[in-house]
Amino acid sequence: MSTPDEISSFLVSRRARITPETAGVVAFSGHRRVPGLRREEVAYLAGVSTDYYARLERGKTRGVSREVLEAIARALQLDDIEREHLMNLVEITTTPRRRAPRRTAHVAITSTVQAVLDSLVVPALVQNARLDIVAANSLGAALYGLTPSDLASATFNGARFQFLDSRAKDFYVDHDRGKRNIVALLHQAAGQDPYDEDTIRLVGQLSTQSPEFRALWAQHDVIRYQRGTKRYRHPAVGALEFAYESFDLNTERGLTMLVYTFEPSSPTAERVALLGSLARTDSIAEVRGGDIAIDHT
């Protein structure tokens, strides 16, 4: 999908979720054919003409000012992440850039970042914007059953695992929520760099092979990693529940470190200790081979 089409679909999807009542406007007369706001209602709230807004919703953004975009963002009640996504999409259409898809070289983390990972006594990993895991400490690798070669080549992708591997449903306790978040994260990544060939290929593969992914992609939700809870049913050690925090790596564009913490003396703490023991004895390799490994093609 082209960037103008993305802008169009995003604005239509945001308009559809808001009613005149929640927007605080008197509904325009006539039969309503849409579940949310009409174009003229968005235009009224943003202080622009209906024709002007309709042109923007068709992805025609030439000459649009940031002030107008901010007014539209307020009218559509976009949150900060959605507003940034809209600004990114519009910037791509108005700033000359290379239009051909291009490969993004695999980014290897520095030895300093790896040392930080290894110093942590909780699972921790680094992933790129399209959700390839590119580095981890021993507990983070054991959590997903990853080998050093997986990390060196970034062949484990969370989106492929969630949507294309039947074992993901057993591994993730909150599988449905996780899939929605995965799609929203990929939308955010595609909005920031729509010409990345690997992201284009990934979205194409998931759209072709997963009807559920296609349906979620059409909703155009966007999020960023911040903090939250992750729950797993690990095949080797059982139920695990973590609080996680995310940290953007300023030294490497597009990389995020995720750190998973847990309550001391909790069942998760005991099971993480067991996970660490398995990792040290290489027993986790058997788990990976039998239960967690995914098809990376």
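Scroll up to find the structure.
> Account for the overall build of the chain, with residues named and values stated.
When its secondary structure is counted, the chain shows 16 helices and five strands. Counting across all 297 residues of the chain, residues that qualify as buried make up 49%. Expressed as a percentage of contacts within the chain between residues at least 6 apart in sequence, the contacts between residues at least 24 apart total 61%. Carbon together with sulfur atoms contributes 51% to the accessible area of the chain, which is approximately 14,900 Å² in total.

> Requested: an account of the sheet that holds strand β1 (residues 124-127), with residues and values cited.
Pairing is antiparallel across the open sheet formed by five strands, whose spatial order is β2-β1-β5-β4-β3. Since the sheet does not close on itself, it has two edges, and those belong to β2 (133-136) and β3 (227-234), each with one partner. Strand-to-strand twist in this sheet, taken as the mean axis angle between neighbours without regard to direction, amounts to 30°.

> Break down the packing of helix α1 (residues 3-16) against helix α6 (residues 80-94) for me, with residues and values.
The packing of two helices is summarised by the inter-axis angle and the distance between the axes. Between α1 and α6, the least distance of the axes is 9 Å, while the angle of their chain directions is 150°. In this view, α1 runs roughly antiparallel relative to α6, as classed from their interaxial angle. Classified by chirality, the crossing of α6 by α1 is left-handed. When α1 is examined against α6, the residues T3, P4, E6, I7, F10, L11 and R14 are found in contact with a partner set consisting of E82, H85, L86, L89, V90, I92 and T93. The residue makeup of the contact of α1 with α6, split by class, is eight nonpolar, three polar and three charged.

> With reference to specific residues and values, describe the packing of aromatic side chains.
This model, assessed by the stated rule, comprises 16 aromatic pairs. Ring plane angle 85° and centroid distance 6.0 Å describe the contact between Y144 and Y232, whose orientation is recorded as edge-to-face. Of this pair, Y144 sits in helix α8 (residues 138-144) while Y232 sits in strand β3, and the two are 88 residues apart along the sequence. Like Y232, Y144 is buried. The interplanar angle of 65° and the centroid separation of 6.5 Å between the aromatic rings of Y244 and Y260 together place this pair among those described as edge-to-face. Within this pair, whereas Y244 is found in strand β4 (residues 238-248), its partner Y260 is found in strand β5 (residues 256-261), the two being separated by 16 residues in sequence.

> Run through helix α3 (residues 39-46), naming residues and quoting values.
Considered for burial, the residues of α3 that qualify are E41, V42, A43 and A46. Contacts made by the buried residues of α3 are with α1, α2 (20-23), α4 (50-57) and α5 (66-75). Immediately downstream of α3, the backbone of G47 shows phi near 75°, a positive value.

> Could you give me a rundown of the pattern of salt bridges, with the residues and numbers involved?
Any two side chains of opposite charge can pair, given that their charged atoms come close. For the structure on display, the rule yields 21 salt bridges. Residue R83 is joined to D80 by a salt bridge in which the shortest nitrogen-to-oxygen separation is 3.1 Å. Of this pair, R83 and D80 both sit in helix α6, three residues apart, which is roughly one turn of that helix. Residues joined in a network through salt bridges with shared partners are R130, D132, D196, E197, D198 and R201.

> Could you give an account of the pairing of β3, with specific residues and numbers?
Judged from the eight bridges that link them, β3 and β4 form a sheet pairing that is antiparallel. If you follow H234 over to β4, its bridge partner there is G238. In textbook terms, the turn of a hairpin is the stretch between consecutive antiparallel strands, and for β3 and β4 this stretch comprises three residues.

> Quick one: what's the story with the environment of R214, residue by residue and with numbers?
For R214, the location among the structural elements is in helix α14 (residues 211-217). With relative accessibility at 40%, the residue R214 sits in the partly exposed group. R214 sits 31 residues away from V183 along the chain, and the two C-alpha atoms are 9.4 Å apart.

> Pulling in residues and values, what's your account of the side chain of D132?
Checked against the element boundaries, D132 lands in the loop between β1 and β2. Taking relative accessible area as the criterion, D132 reaches 8% and is therefore assigned buried. A polar side-chain atom of D132 sits 2.8 Å from a polar atom in the side chain of N157. In this structure, D132 is in contact with V126, Q127, A154, F156 and N157, ignoring residues within four places of it in sequence.

Reading the values: rules and limits
- Residues numbered from 1 in each chain as written.
- Predicted model: local features only at pLDDT ≥ 70, side-chain atom pairs only at ≥ 80, totals over all residues.
- Heavy atoms only, no water.
- Helix = DSSP H or I, 4+ residues; strand = E, 2+ residues; numbered from the N terminus.
- Buried < 20%, exposed > 50% of the residue type's maximum accessible area, 1.4 Å probe, protein only.
- Contact = heavy atoms within 4.5 Å.
- Areas by Shrake-Rupley, 256 points an atom, 1.4 Å probe, with all protein chains shown as cover.
- Pairing = 2+ DSSP bridges.
- Axes fitted to C-alpha atoms, helices over the stretch in contact; angles between N-to-C directions.
- Parallel < 35°, antiparallel > 145°, perpendicular 65-115°, else oblique.
- Left-handed = near helix turned anticlockwise from the far one by under 90°.
- Nonpolar A, V, L, I, M, F, W, Y, C, P; charged D, E, K, R; others polar.
- Phe/Tyr/Trp six-rings, centres within 6.5 Å; stacked < 30°, edge-to-face > 60°.
- Salt bridge = Lys/Arg side-chain N within 4 Å of Asp/Glu carboxyl O.
- Polar contact = N/O pair within 3.5 Å; in protein donor to acceptor, adjacent residues only side chain to side chain.

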